[in-house]
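Summary of the model geometry
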Amino acid sequence: MFAVIVASSGLLLMIERGILAEMKPLPLHPPNREGAPWRQALSRPGGLSLEAGDPDLQVRQDVRNRTLRAVCGQPGMPRDPWDLPVGQRRTLLRHILVSDRYRFLYCYVPKVACSNWKRVLKVLAGVLDNVDVRLKMDHRNDLVFLADLRPEEIRYRLQHYFKFLFVRDPLERLLSAYRNKFGEIREYQQRYGAEIVRRYRAGAGPSPAGDDVTFPEFLRYLVDEDPEHMNEHWMPVYHLCQPCAVRYDFVGSYERLEADANQVLEWVRAPPHVRFPARQAWYRPASPEGLHYHLCSTPRALLQDVLPKYILDFSLFAYPLPNVTREACHQ
């Protein structure tokens, strides 16, 4: 049994009880667009199911689609990027990358393999020879963003190009950002970590190093932040990619990253030699087990305050809320 959660009093009750549903994220059905090069691939028997013969996947895919329609169909929800306030539209357009050669738009989400996707775009554009070139990623140069284009150019691409993004369990993504930015990146320790320690640690002193932020301290910081003005590494996906204002043709998941990514490359007719980079052997991503440990070590009231900030990411992309009951945390 599983449930897709829509913001309501019942949803907040689920947060309070820490209900966990066994669900995996799945792609969205694409709109019916005549002449699009990817349309025939998506209309094969079985539709968008990436694992033929698995009816559970198709059911969950349908649930995600219905949830998107229900939430995005509510009065006041944006139907178009120009329905958004200027600041939200600016954020969205700055996060959608453009490939005119292969006619697709990709909304990048930090901590969901976006560096590898940017590497792929550079290979497709002829800037890099192959995806295995080991260079420090330049996240701006040699990339085209929707924000770089004129309004009429933006509208044309939104209407005619294949559009996709990749998502990840919201709390796992936060844990990944926490580990990376506060455990490894001095700039983030100085810019954010020191301020977090000053705000939330008693007796911290006026000049903390910011290199020992705890996960609960990071969550307390998020509770006090406006999601629309968060750093992109922990801004909710809903605010980054606006899935009501932009009708994405495919939503891939981090949990099946390589398979979903290579399927996208096939749909956009990328050259056969261009494959999504395999995960490096040394890389240790934030795991469900590690997340469970951190969440069970976090005050329950703090989790109840954090979850509403990301509730649209949970509901729209069919991720389960964490099970932080005493029974689950003592297993």
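Note: the structure precedes this text.
These figures come from a predicted structure and were not determined experimentally.

1. A few points about the pattern of salt bridges
Evaluation of the coordinates by the stated rule reveals eleven salt bridges. One salt bridge connects Arg168 with Glu172, and the closest N-O pair in it is separated by 3.3 Å. The burial state of Arg168 is the same as that of Glu172; both residues are buried. A salt bridge links Arg199 to Glu195; the nearest nitrogen and oxygen atoms lie 3.2 Å apart. Of the two residues, Arg199 and Glu195 both sit in helix α8 (residues 186-200), four residues apart, roughly one turn of that helix. By relative accessible area, which is 29% here, Glu195 ends up partly exposed. Members of the salt-bridge network, linked through shared partners, are Glu195, Arg198, Arg199 and Glu225.

2. As for helix α7 (residues 170-184)
Over its 15 residues, α7 runs 21 Å from end to end, which matches the ideal 21 Å to within 8%, given 1.5 Å per residue. Across the 15 residues that make up α7, a large majority, twelve, are buried. Listed in full, the buried residues belonging to α7 are Pro170, Leu171, Glu172, Arg173, Leu174, Leu175, Ser176, Ala177, Tyr178, Asn180, Lys181 and Phe182. Buried-residue contacts for α7 involve α8, α9 (215-224), α10 (237-241), α12 (288-296) and α14 (311-316). At the N-terminal end of α7, a side-chain oxygen is found 3.0 Å from the backbone nitrogen of Leu171, two or three residues along, and the residue is Asp169.

3. Considering the packing of α7 against α12
Any two packed helices are characterised by how steeply their axes cross, that is the angle between the axes, and by the distance between the axes. Taken N-terminus to C-terminus, the directions of α7 and α12 make an angle of 85°; their axes are 10 Å apart at the nearest point. As the angle between them shows, α7 and α12 are arranged roughly perpendicular. For the pair α7 and α12, the contacting residues are Leu171, Glu172 and Leu175 in the first and Pro288, Gly290, Leu291, His294 and Leu295 in the second. In terms of residue class, the contact of α7 with α12 is built from five nonpolar, two polar and one charged.

4. Quick look at the nonpolar core
Of all hydrophobic cores here, the largest spans 93 residues; its most connected members are Trp117, Phe218 and Trp234. For Trp234, the contacting residues outside a window of four places in its chain are Arg173, Leu174, Ala177, Lys181, Phe182, Tyr188, Tyr192, Phe218, Tyr221, Leu222 and Tyr310.

5. A look at the state of the cysteines
Inspection of the entire model under this criterion finds three disulfides. Note on cysteine connectivity: Cys296 is disulfide-linked to Cys329, with sulfurs 2.0 Å apart. For the disulfide bridge between Cys296 and Cys329, the dihedral angle about the S-S bond is near -80°, and by the sign convention the bridge is left-handed. Note that Cys296 is positioned in helix α12 and Cys329 in helix α15 (residues 326-329), a separation of 33 residues in sequence. A relative accessible area of 27% means that Cys296 is categorised as partly exposed. Taken in sequence order, the bonded cysteines of the protein link in the pattern 1-4, 2-3, 5-6.

6. Comments concerning the environment of Tyr106
Here Tyr106 lies in strand β2 (residues 104-107). Tyr106 sits in the buried class, given a relative accessible area of 0%. Tyr106 sits 57 residues away from Lys163 along the chain, and the two C-alpha atoms are 5.9 Å apart. What Tyr106 contacts, discounting residues up to four positions off in sequence, is His95, Ile96, Leu97, Val112, Ala113, Cys114, Trp117, Leu121, Phe164 and Leu165.

7. Considerations on the environment of Trp117
As for its position among the elements, Trp117 is in helix α5 (residues 114-124). Considered as a pair, Trp117 and Leu97 are 20 residues apart in the sequence and their alpha carbons are 9.8 Å apart. Not counting residues within four places of it along the chain, the set of residues in contact with Trp117 comprises Tyr106, Phe164, Phe166, Ala261, Val264, Leu265 and Phe276.

Reading guide: rules and limits
Residues numbered from 1 in each chain as written. Predicted model: local features only at pLDDT ≥ 70, side-chain atom pairs only at ≥ 80, totals over all residues. Heavy atoms only, no water. Salt bridge = Lys/Arg side-chain N within 4 Å of Asp/Glu carboxyl O. Buried < 20%, exposed > 50% of the residue type's maximum accessible area, 1.4 Å probe, protein only. Helix = DSSP H or I, 4+ residues; strand = E, 2+ residues; numbered from the N terminus. Expected span 1.5 Å × (residues − 1). Contact = heavy atoms within 4.5 Å. Polar contact = N/O pair within 3.5 Å; in protein donor to acceptor, adjacent residues only side chain to side chain. Axes fitted to C-alpha atoms, helices over the stretch in contact; angles between N-to-C directions. Parallel < 35°, antiparallel > 145°, perpendicular 65-115°, else oblique. Nonpolar A, V, L, I, M, F, W, Y, C, P; charged D, E, K, R; others polar. Core = buried A, V, L, I, M, F, W, Y, C linked by side-chain atoms within 4.5 Å. Disulfide = S-S within 2.5 Å.

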